[in-house]
Amino acid sequence: MLYQINKGCKYFGAQTVFEDIQFEIKNTEKIAIVGRNGCGKSTLLKCMTHELELDQGTIHQLSGTTIGYLAQTTFSDEERTVQEEMNLVFQPIFDCKKELEEITERMTTDHSEKILEKFAQVQEKFEQMNGYNYQAELLQVFTKFGFTKEELDRRIETFSGGQRTRLAFVKLLLSKPDILLLDEPTNHLDLETIEWLEGYLKRYEKAVVLVSHDRTFLDQLAEVVYEIEYGEMSKYIGNYSSYVEQKKLEYEKQGRAYERQQKEIERLEALIEKFRYKRSKAAFAQSKIKYLDRMERIDKPQEGNTKTFHAHFTPHAKGGKRVLEVEDLVIGYDKPLSKINLEVLSGQRIAILGANGTGKSTFLKTIMSIIPALSGNYLLGHQIDVGYFDQQLAQFNTSKTVLEELWDDYPDLDRTTIRSVLGQFLFSSDEVFKTVDVLSGGEKVRLSFAKLLLKHSNFLVLDEPTNHLDIQGKEALEESLKGFEGTILFVSHDRYFIKKIATSVLLLDDSGAHFYPYGYQEYLDHGNKQEEVKQAPKIKIEAEKPKIKPINAKREIAKIEGLISEKEELLEAKRELRFDPEYYHDYEKMNDLDEEIDQIHNELNQLMEKWEELSEFS
């Protein structure tokens, strides 16, 4: 047992955050802590780092166990370069290396068995500390967080606040604490980095405790789930989906047991009432009364804290079939980020994907005329009314009340309608009189959705709409958009949300913009490296070449099928190597491996084309 909290309690004034909780970490467990915003997840992590102290309960921590927490990872001297700062993490390796060099020097004159054993022990320790490959591991982690190799020589003070947070994350991962605490680790990371981080944490040889609203991330990583609800903690074995299923079954089981007991209580009470006044049956009635008094009552199951917003986005007008036409649109600020050609049709739900810096949000801001295009054109279709959600604009700051903020935007609506809409987004009673500047991030997002709902647009342009929402809020938004009859163009890093909403994908990368006319899962299955499927391919008018039936077509097909099987097996084997420490700790080897995988993909595509061509004659 690495760590244990026994009967832990935490209060803020008269408010109970959690009470009598049992929590433990064993060996290399990957643990998720889930619950609604404000339930105490982050508070628990802070108690584990002693940033906060428990009000009651005991903590048992194995002697020498180190705990690492991103919020506590700081830079004491920001004039240092990144390399100098990261070298502080590797100081034990440097000390071990120095000891190894000293022993090597002594071995020139001392040839005893004792010195040879000492050398072997220190060398083994050096290897266990990854002494020979620490720089490759640094490069691997550093570049995966969006930095370049050259930036290792930059001073920390020259990076932005967001970049410094990512640098702190890199430093935390490289320090390899025995218990790694992560609070919303996927925030502000692009999909590629999130997927890499998943793989890294899966292979992390020590314990991980994470708080996240990213359901796919939790599914991929968690082996144990602790839920905090109504101040109590419950433990579930398995990942997030398993927890959801167990929770559902638990609720149904308790419900059935409660109903059975209630029927039994009714039966006994009826018997007692029937016989309690009959002298011959009085003893029997008394025994049933005592039985009822001793009965351990089963509580009626609570459905969980299901309080969340409920809304349905409806467009005023259907609008034209062509919603948006984008032709040779070059987006960017001081330099071009991407060139986009796209036709958005009514009813489509397009997810915009790509690494940070490829221009996803810039594209949305450009078509909303917030920033100018560098070149090219875009045109909205007939009777298209745009509703725009911006993750940054949603964090507005004003001294207006919630009621005033919404009513000022829609002065023609009556008070009852405004309050009804606010109620749908959980602003009820006195909450509508709170000033906007004191709202939480999630509350401001809900207020933005209320504004969007009243606009009744037929084209929703959404930039990171799930940011600041807890899991229940994300599920509510998915449900709200499910029946929307208009068109949606959106940017999101939440893979679960993308899978639920997107019917097609626009990928922005270094080579340009690529459209895939199918959902996110199919996009993943096909692989984003393959040639993109054009939305409106140009038809080349050429004289069709006569097809000549090859000799022994069946034999050729069988041969190609064999080659395809071999290539697919090779591809799977190469993909597995990505999880091998020899590769993921070596920056250059990993790049070479990616190139090999790309080459196999190309060869497979060529074989499939040949197979399709020959199959026409079979």
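The rules behind each value
Sequence order as written defines the numbering, with residues in each chain counted from 1. At least 70 in pLDDT is required for a residue's local features to be given in this predicted model, at least 80 for side-chain atom pairs to be given and counted, and no such filter applies to totals for whole chains, interfaces and linings, which use all residues. To obtain the side-chain values, all non-hydrogen atoms of the structure were used and water was disregarded. The way it works is that DSSP assigns letters per residue, a run of H or I at least four long becomes a helix, a run of E at least two long becomes a strand, and they are numbered from the N terminus. Three labels apply to residues, based on accessible area from a 1.4 Å probe with only protein chains included: buried if under 20% of the type maximum, exposed if over 50%, partly exposed otherwise in between. Between two residues, a contact is recorded if the distance between any of their heavy atoms is within 4.5 Å. For accessible areas, the Shrake-Rupley method is used with a probe of radius 1.4 Å. Any residue's cover is judged against the shown protein chains and nothing else. Positive residues here are Lys and Arg, negative ones are Asp and Glu, while His and the chain termini are left out of the count. The atoms used to mark charge sites are NZ of Lys, CZ of Arg, CG of Asp and CD of Glu. We treat two strands as partners when DSSP finds at least two bridges between them. Inter-axis angles, ranging from 0 to 180 degrees, are taken between N-to-C directions of lines fitted to C-alpha atoms, where helices are fitted over the stretch in contact. Think of it this way: a Phe, Tyr or Trp ring, Trp meaning its six-membered ring, pairs with another when their centres are within 6.5 Å, and the plane angle makes it stacked under 30 degrees, edge-to-face over 60, tilted otherwise. To sit over a ring, a charge needs its Lys NZ or Arg CZ within 6 Å of the ring centre and within 35 degrees of the ring normal. UniProt positions are given in the numbering used here, feature names are shortened, and annotations may be inferred rather than shown by experiment. Bear in mind that the domain bounds are from an automatic or database domain assignment. Any angle that is under 35 degrees is reported as roughly parallel, and any over 145 degrees as roughly antiparallel; angles of 65 to 115 degrees are reported as roughly perpendicular and all others as oblique. We call a crossing left-handed when the near helix sits turned anticlockwise from the far one by less than a right angle, and right-handed when that turn is clockwise. In this classification, Asp, Glu, Lys and Arg are treated as charged, Ala, Val, Leu, Ile, Met, Phe, Trp, Tyr, Cys and Pro as nonpolar, and every other residue, Gly included, as polar. In the sections that follow, a salt bridge refers to a side-chain nitrogen of Lys or Arg positioned within 4 Å of a carboxyl oxygen of Asp or Glu. Each residue carries a pLDDT score, the predictor's own confidence in it, on a scale running from 0 to 100.

### Thoughts on the overall build of the chain
1) Next: When helices and strands are tallied, the chain shows 20 helices and 18 strands.
2) Next: With the C-alpha coordinates of the chain rotated into their principal frame, the extents come out at 105 × 90 × 65 Å.
3) Next: Evaluated residue by residue, the chain yields a buried proportion of 43% over its 618 residues.
4) Next: Across the chain, contacts joining residues at least 24 apart in sequence account for 67% of those joining residues at least 6 apart.
5) Next: When the accessible surface of the chain is split by element, carbon and sulfur atoms take 48% of a total near 33700 Å².
6) Next: Computing the positive centroid from 82 side-chain charges and the negative centroid from 107, the chain places the two 7 Å apart.

### Re the sheet that holds strand β8 (residues 224–229)
1) Next: Here we have six strands laid out as an open sheet, ordered β5-β6-β7-β3-β8-β9, and mixed in their pairing. Lying at the two open borders of the sheet, with one neighbouring strand each, are β5 (67–69) and β9 (232–237). Geometrically, the sheet is characterised by an average inter-axis angle of 20° between neighbouring strands, direction not taken into account.
2) Next: Inspection of the sheet shows strand β3 (residues 30–34) paired to β8 by four bridges, in the parallel sense. If you follow A32 over to β8, its bridge partner there is V225.
3) Next: The strands that helix α1 (residues 41–48) touches are β3, β5, β6 (179–183), β7 (207–211), β8 and β9; relative to β6, the one it contacts most, it runs at about 145°.
4) Next: Those strands touched by helix α9 (residues 240–275) are β3, β8 and β9, and its axis lies near 115° from that of β9.

### Notes on the packing of aromatic side chains
1) Next: This structure, assessed with the given rule, holds 20 aromatic pairs.
2) Next: Taking the centre distance of 5.7 Å and the plane angle of 90° together, the rings of F147 and F159 count as edge-to-face. Of this pair, F147 sits in the loop between α5 (134–144) and α6 (161–175) while F159 sits in the loop between α5 and α6, placing them twelve residues apart in sequence. With respect to burial, F147 and F159 carry one shared label: buried.
3) Next: Pairing Y200 with Y204 gives two aromatic rings, centres 6.5 Å apart and planes at 35°, and the pair type is tilted.
4) Next: Its relative accessible area of 6% is what places Y200 among the buried residues.
5) Next: Counting every residue linked through ring pairs, the aromatic cluster contains F145, F169, W196, Y200 and Y204.
6) Next: Stacked on the ring of F147, the Lys or Arg R166 has its end atom at 4.8 Å from the ring centre.
7) Next: Over the face of the ring belonging to F427 we find R446, whose NZ or CZ atom lies 5.1 Å from the ring centre.

### Overview of the UniProt feature "coiled-coil region" (unreviewed entry) in the chain
1) Next: Listed under "coiled-coil region" (unreviewed entry) in the UniProt record, and renumbered for this structure, are residues 244–278 and 553–610.
2) Next: The annotated region residues 244–278 carries 91% helix and 0% strand content, and the separation between its end C-alpha atoms amounts to 52 Å.

### Here's the deal with the domain arrangement of the chain
Where the parts come together, the accessible area they lose is often given as the size of the interface.
1) Next: Here the chain is partitioned into domain 1 (244–294), domain 2 (322–532) and domain 3 (553–617).
2) Next: The gap between the C-alpha centroids of domain 1 and domain 2 is 54 Å.

### Description of the pairing of β7
Along any regular strand, the residues point their side chains to alternate faces of the sheet.
1) Next: Summarising burial for β7: five of the five residues are buried, a large majority.
2) Next: Of the two faces of β7, the one carrying A207, V209 and V211 and the one carrying V208 and L210 are both buried.
3) Next: Bridge count between β6 and β7: five bridges; the pairing is parallel. Residue pairing for β7: L180 is matched across the bridge by V208.

### Some thoughts on the packing of helix α2 (residues 82–89) against α6
1) Next: Contact geometry of α2 with α6 gives a least axis separation of 9 Å together with a crossing angle of 30°. As the angle between them shows, α2 and α6 are arranged roughly parallel. Here α2 runs over α6; the crossing is right-handed. Here V82, E85, M86 and V89 of α2 lie close against α6, whose contacting residues are L167, V170, K171, L174 and S175.
2) Next: Partitioning the contact of α2 with α6 into residue classes produces six nonpolar, one polar and two charged.

### Quick notes on the pattern of salt bridges
1) Next: Here the structure, examined in full by the defined rule, presents 33 salt bridges.
2) Next: Of the charged contacts, one joins E99 and K118 as a salt bridge, the two residues approaching to 3.7 Å between their closest N and O atoms. Of this pair, E99 sits in helix α3 (residues 91–106) while K118 is found in helix α4 (residues 113–128), placing the two residues 19 residues apart along the sequence.
3) Next: Under the relative-accessibility criterion, K118 is labelled partly exposed at 36%.
4) Next: Between E405 and K451 there is a salt bridge whose closest N-O contact spans 2.5 Å.

### Observations regarding the sheet that holds strand β14 (residues 386–390)
1) Next: The six strands are arranged β14-β15-β16-β12-β17-β18 in an open sheet whose pairing can be described as mixed. Each edge of the open sheet is held by one strand with a lone partner, namely β14 and β18 (512–516). Averaged over all neighbouring strand pairs, the angle between strand axes comes to 15°, with direction disregarded.
2) Next: Here strand β17 (residues 504–509) runs beside β18; their pairing, made up of five bridges, is antiparallel. Within the sheet, the bridge partner assigned to D509 lies in β18 and is G512.

### Side note on the environment of D334
1) Next: Residue position: D334 is located in the loop between β10 (322–332) and β11 (336–345).
2) Next: With a relative accessible area of 76%, D334 lands in the exposed category.
3) Next: As a C-alpha pair, D334 and E24 span 310 residues in sequence and 52 Å in three-dimensional space.

### Remarks on the confidence of the model for the chain
1) Next: Chain-level pLDDT for the chain is 87 on average; 91% of the residues reach the 70-or-more range.
2) Next: Mean pLDDT values for the elements of the chain range from 64 in helix α19 (residues 581–584) up to 97 in strand β16 (residues 487–491).

### Considerations on unusual backbone geometry
1) Next: Of note in the backbone geometry, S369 takes a positive phi value of approximately 60° without being a glycine.
2) Next: Take S369: it is sitting in the loop between α11 (360–367) and β13 (375–380).
3) Next: Classification of S369 as exposed rests on a relative accessible area of 54%.
4) Next: Phi at Q383 takes a positive value of approximately 55°, unusual for a residue other than glycine.
5) Next: Considering the arrangement of structural elements, one finds Q383 in the loop between β13 and β14.

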